[in-house]
Structure formats: structure tokens, C-alpha cells
Amino acid sequence: MGEYLAETPNGYDQDLEVPVLVVGAGPSGSTTALLLGRFSISTLVISRHRGTANTPRAHIFNQRAMEVLRDASIEHLVKPIAAPKEDLEHVGWLHSLNGEEYGRVYAWGNKPDRMGDYLAASPCQMSDLPQSLLEPILVQEATNLGAKFRFNTEFVSQKQLPDGRIRTVVRDRVANTTYRIISQYLVGADGARSSVLNDLDIPIDGKQLSMAFNVHIKADLTVYFANRPGSMNWILNPQAPDWSATGSVRMVRPWNEFIVSMHPAEHLEHFEPTDEQVLHRLHQMFGDDTIPIELLGHFRWNINNQVARTWQKGRVFCIGDAVHRHPPINGLGSNTCISDAFNIAWKLAYVLKGLASPRILDSLTPERKPVGDGVVRRANDGMLVHRKLWALMGSTEKERSRVMSLMREHTPEGQGLRTKIRDLMEQTDDEFNALGIQMNQIYAHSQLTVVEPDDMAPDLDGVNLVKQQVKSTYPGFHLPHVWLAKDGQSPRISTLDLSGAGCFTLFTGIGGEGWKQAAEEIMEEIGITLKSYGIGVGQDYMDAYWGWQDIRGVDEDGAVLTAASVAESTVVFVTTADPEYVRKDAKFGVSFSQNADASRRIDALTH
């Protein structure tokens, strides 16, 4: 397994056989291949496209997604090409870039009273990383680890064979020939028009809402961002044509490459602007018709509100935009795709290496679907706020001119309008400072988690899960980031850096030596890698700022166990030193027991 047959002049003379076939080479598909490669699992990735993304597409890169790349040891490759969070400081609403500003908000962790929350949330920072720059790195690094990529190759159909394997028919779009690939597992990561999902007959709930028109350009707009750096500015002016009733100028590279997104009026169903019309509209949005503009391309895209009812059927799994389709509000699209990949990759690897039962794969839908559905709801809720603001500003030139005039009036009507506009702009704080939905990917109903006692769950009453991060070691929650250090002369290290990387990790403290001994025994018995660390005075790491003491949720001699992929919700077990016996049967999990002699043992139930 893992050897790929050579191509012949007439195509392929027999079936290819691979452990995992991935359909789609975008963020979810290429990340899946990269992570499987780190487990030495051979993967074949096919994509109907000619190559990686040729337009920037997704760009806001949140801390959770960067943790995945950090765990995959490629953070150092993407950070130098990502725009730092300081370049993302504002989002504004303007008449034009060179014209009147109606208001602005702090964005993406730059709000003064929220900066500390973002710093405490993760060892990684918010950034802007266009998909067109990210994908080549993912593909190259996956290739370096043994993955094979075949572009211009599209999915046709799949069928499960009597022995459980999947036979997939694919088409070479250049040669116009079809051939078959046999795999143990198939991952459909082929986007919002997923052929894999359709072939599985998995229903999609929701609908397509509207269409937008993006223009990719190069233009030096440095002067307009010198005093208000930001990832995006919305342009609302009376002169807008119906095919571009509302638009936004989104930074791709500061400050000479942009995507200008244009949203048509609701009543407009068909529009085909010429290049001349596009350039005229761009100059209108900039407020300066002397700026040289290079048109790099333009494309349409759909605004959706859709979720798949399930993410899996048999040995076929669907992730990414295939199963959660939504507007780009909150910048959650590719970030969620990457975390989807993290979830399925380590489980596939453990099953294929014989370290876990295939039953663990049944956890994909119960763990990730609530996350994906929540992202779709939040993005569409955020889109509704923007639509309310657009409606308030008027949909015709006459209406918008009246609004612009009223905004300047010293009248009750003018004051009321200004208040409404401010209120709507402030509501976008749920979009631009939504640390919670970025980090709170909670697996509340996962069969892979064990907990004792059951009254340790954090109280979420009154918590704004969109804006506030919940830091807890309760099973199903993301392992909290805490800075530790070996000693006063050593660099600090995050708890996240001690975890993950394909290994289970156990944290304990003073008096928890038995847990560490049990970890050594389990590694010898069943072959999984189970790292263990003591945190505290005289332990492996000092609790540099007492952050672990505040968040660990157990006594010093208790234990917290994380799963093999630290960048997703990974705490699978937490216990105090008191219970005599805790066990989770018939599922993949880990049980901890303590006998009367106070010796401790860990039994991994991998089958």
C-alpha cells in the first residue's frame, strides 16, 4: 500500500490502490494530506482544477487555524508571508476611499479592551493569509511527506466494495479518460458544489441566498490606508450602479493588491459588466479616477446558508465547504475547513496504523457538525446586520442622497438615523472581535471523551460564546494555552506545544508520578505514543504565571489527557486522584484506575 502505479501512454492499465483518496486540494483537502503525511500515511489527492487557488479567496487566518499549522510544523513557513494583525486594525464604512467616512470599528483582535483576551487565547496571532499563498505551501509540504497530487482530475462516482474498500471512478480532464482508484477511505473535500456529497445522496438543508461579483486588482492605495490600516472598507455611495449597489475593498497584500467585492441590488438577477464599466466603478469607489488599476481577473460567487445533514456514510467522509456553506462573514470559512481536516486526519491515521478501532471515525459528525452548523448560523446572522445597514442607507441613488443629507441634519430625524447607523456598525463586533466562535469548538457529545466527576463542566450560563473564549480542561474542550518554562533560564513554551503532534499527552503535577508511570506502561503495551509531563514546583515544567493552576480543573495529583491533535478540541479525559475506578467501555477512549494501594494504571481501549 502506498505505491502508485506509473502512468502509461494510454492512461492507466489497472486500478490504483491507496490508503486514503482525498477529493479536493483546497485548504481542507491539502491539510488532510499534510497531516496524514506526518503519520506516514500515503494519500492521493485529486482536484478538477488546473492547480492551486488562482485568486486570494479566503484570507483572514485566525489563531485556531494557525495552531493547526503550528502543530504541523509549518507555521514558520506561513508567518513571513501573512500580513500581521496590525495591518487588519480597522473595518470602515465610507462614501469612497478618498471621501467621507461614516464610521469604523476595531477588528481582528485589535480592539484595545480585547487585546489581552486574544494574547491569552493562543501562542499564535491573528493574521491575513490569502488562500492563493497558503495552498501552494500546503501542497508542497504534503508532497514532501509522500502525498501525491493530481490536478485536472475530477471525481465521477464511488462505490463501497464487499470488503469495505472504496472504488472511485475519476476522469482525467486533459486526456478525457476515466480510471479507478481503490482506497481504504475516501475524503470529500471538494467544496460547496461537492460531487462526493451529491454522490452519497446526503441531503443539504438551507438555500443559496444571492450572488456577488469579485474583482482582483493591483493598485497602489497606500495613501488611503496610511491613517486607518484595515482588512476591509465598505463603500456606500449614491452613485453605485445596480450591479454593484454595495461594495467592499479588501486587502490582499498591503497596500497594492486587493479584492473588490460587489453586491448587486436584490432585484437584479443578471449582470455582465464590461471591463470598462468595472474600471469606472472602481475609480468611483476609490474617489480618484487617476489611480492606475491593473485588472487581474474577476469571478462570481454564491452566498449560501446551507449545511449537510451528516458528514459521513460508511467509509466516505465529507469536510470543509462541502458540508458547511456560508458567507465570508467572521472569516470562518477556510479556518473551519482546516480544523475539519485536523479532526479526521489523526483518526484515520490511528485506524490505518492499527492503533484504534474504526469506531472512532463515527465521531466526525457528532463532533464537527455542531461546529460547522454554528459557523453557518453566525455568518448568516452577521450578513443580516450588513444587509440592514445597506437597507438603511438606501437602495437607489435618490434614497441614498436623501440619507446622506439627513445624516448631516440637526434634527430628531437626523439624530435618530445617526444612532441607528452606529448601532448597526457596533453590532458587527460579533463579526470582527468574535474570539469565542473562533476558539470554542466544543465537542459536547463526543463518544471519545471521559470525565469524572460529572459536575466539573464549566457553567456557560450568560457566556457569549461568539465573543468570549471558554478556557477549560473539561473533556470536549480545546486544551487551554498556558505559558510554561523548564526553569528561569529557559524560553517559555505553550501547553499546546507539549501536546499534539500525533501523540496523546498526559498532564499531572506534584504527587502524580503514578500517572506518568502508567503512561510509560501503556506505551510499552499497545504501541501508542503517550507523552506525560508534570507541571509545578520541581516538576518537568514550572507553572510560570500560575496559569495552569488556575485552569487545570483538577488537584495537583490529578490528570488531564489530550488526544493526538491538540489544535482541535482535544481534552478526552480529566480526573482527580480520588476515584477508585473510571472506565469507558466499548468506545475508543482511555480509562484511569486507582487501586487500594494507590498505584495507578491507564488502559487504552483501542478496539
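Everything numeric here is computed off the predicted structure, so don't read it as measured data. (Residues numbered from 1 in each chain as written. Predicted model: local features only at pLDDT ≥ 70, side-chain atom pairs only at ≥ 80, totals over all residues. Heavy atoms only, no water.)

This part takes up the overall build of the protein. Per the secondary structure count, the protein includes 17 helices and 29 strands. Taken over 607 residues, the protein has a buried fraction of 58%. Considering only contacts within the protein whose residues lie at least 6 apart along the sequence, 71% involve residues at least 24 apart. As presented, the protein carries roughly 24900 Å² of accessible surface, and 48% of it is formed by carbon and sulfur atoms. (Helix = DSSP H or I, 4+ residues; strand = E, 2+ residues; numbered from the N terminus. Buried < 20%, exposed > 50% of the residue type's maximum accessible area, 1.4 Å probe, protein only. Contact = heavy atoms within 4.5 Å. Areas by Shrake-Rupley, 256 points an atom, 1.4 Å probe, with all protein chains shown as cover.)

For the rest of this paragraph, the subject is the sheet that holds strand 3 (residues 60–61). Spatial strand order, 3-7-4: three strands in an open sheet with antiparallel pairing. Each having just a single partner strand, strand 3 and strand 4 (83–84) make up the two edges of the open sheet. As paired strands, strand 4 and strand 7 (residues 127–128) are joined by two bridges and run antiparallel to one another. Paired with Pro84 across the strands is Ser127, a residue of strand 7. (Pairing = 2+ DSSP bridges.)

Take the sheet that holds strand 16 (residues 294–308) next. The strand order 6-5-13-14-15-12-16-19 describes an open sheet built from eight strands, whose pairing is mixed. For this open sheet the edge positions go to strand 6 (101–106) and strand 19 (324–325), each flanked by a neighbour on one side alone.

Attention now moves to the pattern of salt bridges. Counted according to the given criterion, the structure contains 23 salt bridges. Where Glu101 meets Arg228, a salt bridge forms, and the shortest distance between an N and an O atom there is 2.8 Å. Here the residue Glu101 occupies a position in strand 6, and Arg228 occupies one in the loop between helix 7 (222–225) and strand 13 (230–235), the gap between them amounting to 127 residues. On the basis of relative accessibility, which here comes to 25%, the residue Glu101 falls in the partly exposed class. One salt bridge connects Arg368 with Asp340, and the closest N-O pair in it is separated by 2.8 Å. Residue Arg368 is found in helix 10 (residues 364–393), and its partner Asp340 is found in helix 9 (residues 333–352); the two are separated by 28 residues along the sequence. Given the relative accessible area of 0%, Arg368 is considered buried. Overall, the relative accessible area of 0% leaves Asp340 in the buried class. What you see here is one network of salt bridges that share partners, running through Arg48, Glu154, Arg171 and Arg173. (Salt bridge = Lys/Arg side-chain N within 4 Å of Asp/Glu carboxyl O.)

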